[in-house]
Number of protein chains: 2
Amino acid sequence: MTEEKDLFAEYLSRNNLRMTPQRGLILDVFLRTEGHITSEELYSRVKRKDRSIGQATVYRTLKLLSDAGLAREVDFGDGILRYEHDYAHEHHDHIICERCNRQIEVIDEGIERLQERLAKRHGFHLTGHRMYLYGICPECMKRKDRKGSLRKTGHTSG
Amino acid sequence: MTEEKDLFAEYLSRNNLRMTPQRGLILDVFLRTEGHITSEELYSRVKRKDRSIGQATVYRTLKLLSDAGLAREVDFGDGILRYEHDYAHEHHDHIICERCNRQIEVIDEGIERLQERLAKRHGFHLTGHRMYLYGICPECMKRKDRKGSLRKTGHTSG
DNA sequence: TATGATAATGATAACCATTATCATTTTATT
DNA sequence: AATAAAATGATAATGGTTATCATTATCATA
Ligand SMILES: [Mn+2]
Ligand SMILES: [Mn+2]
Ligand SMILES: [Zn+2]
Ligand SMILES: [Zn+2]
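Conventions adopted
- Residues numbered from 1 in each chain as written.
- Chains lettered and ligands numbered in written order.
- Predicted model: local features only at pLDDT ≥ 70, side-chain atom pairs only at ≥ 80, totals over all residues.
- Heavy atoms only, no water.
- Helix = DSSP H or I, 4+ residues; strand = E, 2+ residues; numbered from the N terminus.
- Buried < 20%, exposed > 50% of the residue type's maximum accessible area, 1.4 Å probe, protein only.
- Donors = N, O, S within 2.8 Å, 3.2 Å for Na, K, Ca; no water.
- Tetrahedral: all angles 85-135°; square planar, octahedral: opposite > 155°, others 65-115°.
- Domains from an automatic or database assignment.
- Contact = heavy atoms within 4.5 Å.
- Buried area = accessible area lost by both parts, 1.4 Å probe.
- Salt bridge = Lys/Arg side-chain N within 4 Å of Asp/Glu carboxyl O.
- Polar contact = N/O pair within 3.5 Å; in protein donor to acceptor, adjacent residues only side chain to side chain.
- Nonpolar A, V, L, I, M, F, W, Y, C, P; charged D, E, K, R; others polar.
- Pairing = 2+ DSSP bridges.
- Least-squares fit on C-alpha atoms with pLDDT ≥ 70 in both.
- Expected span 1.5 Å × (residues − 1).
- Near = heavy atom within 4 Å.

Asker: Quick question: what am I supposed to make of unusual backbone geometry here?
Answerer: Phi is mostly negative for residues that are not glycine, and the peptide bonds are mostly trans. All names here are of chain A. Although it is not a glycine, Asn16 adopts a positive phi angle of roughly 60°. Among the secondary structure elements, Asn16 is positioned in the loop between helix 1 (2-14) and helix 2 (21-31). On the basis of relative accessibility, which here comes to 71%, the residue Asn16 falls in the exposed class. Of note in this structure, Ala88 is not a glycine but carries a positive phi near 55°. Along the chain, Ala88 falls in the loop between strand 3 (81-85) and strand 4 (93-97). Given a relative accessible area of 70%, Ala88 falls into the exposed group.

In structure tokens form, the structure reads like this:
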């Protein structure tokens, strides 16, 4: 946590930006929050510690944290950007349950390798990727056809 | 093209919806347009043939076409939904160039297989996926560091 | 071929996450 | 202190998409 703060401070000074109480607080709260958090959620958490904080500052800081390599944007495709820790966190992809929205983090070295090869085969230099698997989680599998909260994205039948 | 129209008609009647001149025209123009088209683009094309068409109708019809299995939503992550043909078109994924936005369609059976296995390993029943690779295309590789139109998504360094 | 019932259309307003604007305040440097 | 540069927070704006709603078109039936 101190290490992350140092990294952020270094990133800021390297870019002629300034460490401020707001930025420090936002980073703190972010680091204490596991999972995939929206700017809105983070804003409401930060506001509990500093009534006067502005929502725009949270948006701005989250962007800075992403550039600094401390946060990573996660886009589940529902129109709301989420953020997760990106420092000392291994890269991973996500499986999302279309029934209950449960999300788990997964990694498959084989897939990563093949992605690299696939890009190369087409002459591309691969710099990143987004991969989201959609399905039905084990729990939802048991309680059969609860058609209740289907997500209705267009990812089904890929 | 007649086959697609039949499929659409069948889908509509199956859902107690009606085939209309507007829907027919929108499907026609959509089928004649290759690539990944936005609702806006399709709207302007359709409007050339029917001045009186409404933009909402294009949005609505595109959604219907997706449900009917004739169109597929493509989300490159820039906040604009695109659509591509989905009937008699093999599933594929995309590589997008971060410099010039060129996009190519790719498929890797090995990856598809591993995705299936990865989901199963976590107890999920896989229903679909989204995979976008980001990189630098061969052309942009040659004309070095044209930092011109960098996309600035957050997908880099996956 | 009128008549209801239902669905579709097009114009427009609303939505909503995110960005831009800008006056004011804070911070770093002289 | 004085100055310049950057950050903040309130608020307006953005822009793709969706909701609303009065009007029109379509379908089934008599
Ligand atoms: Mn994650
Ligand atoms: Mn495609
Ligand atoms: Zn589930
Ligand atoms: Zn390129």
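From this point, things continue past the structure.
Asker: Help me out: how do you make sense of the coordination of the zinc ion (ligand 3) in this one?
Answerer: Six octahedrally arranged donors around a metal ideally form angles of 90 or 180 degrees; four tetrahedrally arranged donors ideally form angles of 109.5 degrees. Residues and elements named next belong to chain A. Looking at the zinc ion (ligand 3), the protein donor atoms are Cys97 (SG), Cys100 (SG), Cys137 (SG) and Cys140 (SG), and they sit 2.2 to 2.4 Å from it. For the zinc ion (ligand 3), the four donor atoms in the first shell make angles of 102 to 116° at the metal, so the coordination geometry reads as tetrahedral. A residue is classified by how much of its surface remains accessible, and Cys137, at 0% relative accessible area, is buried.

Asker: Honestly, the domain arrangement of chain A in this entry has me stumped. Any pointers?
Answerer: By a widespread convention, an interface's size corresponds to the accessible area lost as its parts come together. All names here are of chain A. When cut into domains, chain A gives domain 1 (1-89) and domain 2 (92-158). For domain 1 and domain 2, the distance between their C-alpha centres works out to 26 Å. Contacts between domain 1 and domain 2 engage six residues on the former and ten residues on the latter. On the domain 1 side of the interface with domain 2, the three residues burying the most area are His36, Asp75 and Phe76, jointly 62% of the side's total. The interface formed by domain 1 and domain 2 contains one salt bridge. Residues Arg130 and Asp75 are paired through a salt bridge, measuring 3.1 Å at the closest nitrogen-oxygen approach. Summed over the shared surface of domain 1 and domain 2, the number is eight residue pairs in polar contact (both at pLDDT 80 or more). A total of three residues in the side of domain 1 that touches domain 2 trace back to one element, the largest contributor, which is strand 2 (residues 71-75). Split into classes, the residues belonging to the side of domain 1 that touches domain 2 amount to two nonpolar, one polar and three charged.

Asker: I would appreciate a short explanation of the interface of chain B and chain A in the present structure.
Answerer: Counting residues at the interface gives 46 residues for chain B, matched by 45 residues for chain A. Buried surface at the junction of chain B and chain A, summed over both partners, amounts to about 4000 Å²; 61% is from carbon and sulfur atoms. Counting across the interface, chain B meets chain A through two salt bridges. Across the chain B-chain A interface, the total number found is 16 residue pairs in polar contact (both at pLDDT 80 or more).

Asker: Please explain the pairing of strand 5 (residues 103-106) of chain B as it appears in this structure.
Answerer: Side-chain direction in a regular strand flips from residue to residue, so the side chains alternate between the two faces of the sheet. Residue and element names in this part refer to chain B. Of the strand pairs in this sheet, strand 4 (residues 93-97) and strand 5 are connected by four bridges, and their pairing is antiparallel. By the bridge assignment for strand 5, Ile95 is matched with Ile104. Two successive antiparallel strands, strand 4 and strand 5, enclose a turn made up of five residues, where Asn101 displays a positive phi of approximately 65°.

Asker: So what exactly am I meant to see when it comes to the relation of the copies chain B and chain A here?
Answerer: Here the second copy of the chain follows from the first by a rotation about an axis and a shift along it. With an axial shift of 0.0 Å and an RMSD of 0.1 Å, the rotation relating chain B to chain A amounts to 180°. The transformation just described matches what one would write down for a two-fold rotation axis. Of every C-alpha in chain B, the one belonging to Met131(B) sits nearest the axis of rotation, 2.2 Å from it. Here 98% of the contact residues of chain B are again contact residues in chain A; the copies associate through an equivalent surface.

Asker: Teacher, can you tell me more about the coordination of the manganese ion (ligand 1) here?
Answerer: All names here are of chain A. Those protein atoms acting as donors to the manganese ion (ligand 1) are His36 (NE2), Glu84 (OE), His92 (NE2), His94 (NE2) and Glu105 (OE), and they sit at 1.9 to 2.3 Å. Expressed as a motif, the donor residue spacing for the manganese ion (ligand 1) is H-x47-E-x7-H-x1-H-x10-E. Here Glu84 is found in strand 3, whereas its partner His94 is found in strand 4, with ten residues between them in sequence. Residues Glu84 and His94 agree in their burial class; the two are buried.

Asker: What am I meant to see in helix 4 (residues 55-67) of chain A here?
Answerer: Residues and elements named next belong to chain A. Its 13 residues give helix 4 an end-to-end C-alpha distance of 19 Å, which sits within 8% of 18 Å, the value for a rise of 1.5 Å per residue. Every buried residue of helix 4 is listed here: Val58, Thr61, Leu62, Leu64, Leu65 and Ser66. Looking at the packing, one finds that the buried side of helix 4 touches helix 1, helix 2, helix 3 (39-49), strand 2 and strand 3. In the segment just after helix 4, Gly69 is the residue with positive phi, at about 85°.

Asker: It is not clear to me how the protein's contact with DNA strand D should be interpreted in this structure. Could you clarify?
Answerer: Residues in contact with DNA strand D amount to 19 residues; listed here are only the nearest, Thr20(A), Arg23(A), Thr57(A), Arg60(A) and Lys63(B). Near the protein, within 4 Å, the atoms of DNA strand D are sugar or phosphate in 70% of cases. The side chain of Arg18(A) places a nitrogen or oxygen atom 3.0 Å from a base nitrogen of DNA strand D. Only helix 2 and helix 4 of chain A together with helix 4 (55-67) of chain B provide two or more residues apiece to the surface near DNA strand D. For the surface near DNA strand D, the leading source of residues is helix 4 of chain B, giving three residues. Taken together, the residues of the surface near DNA strand D break down into six nonpolar, seven polar and six charged.

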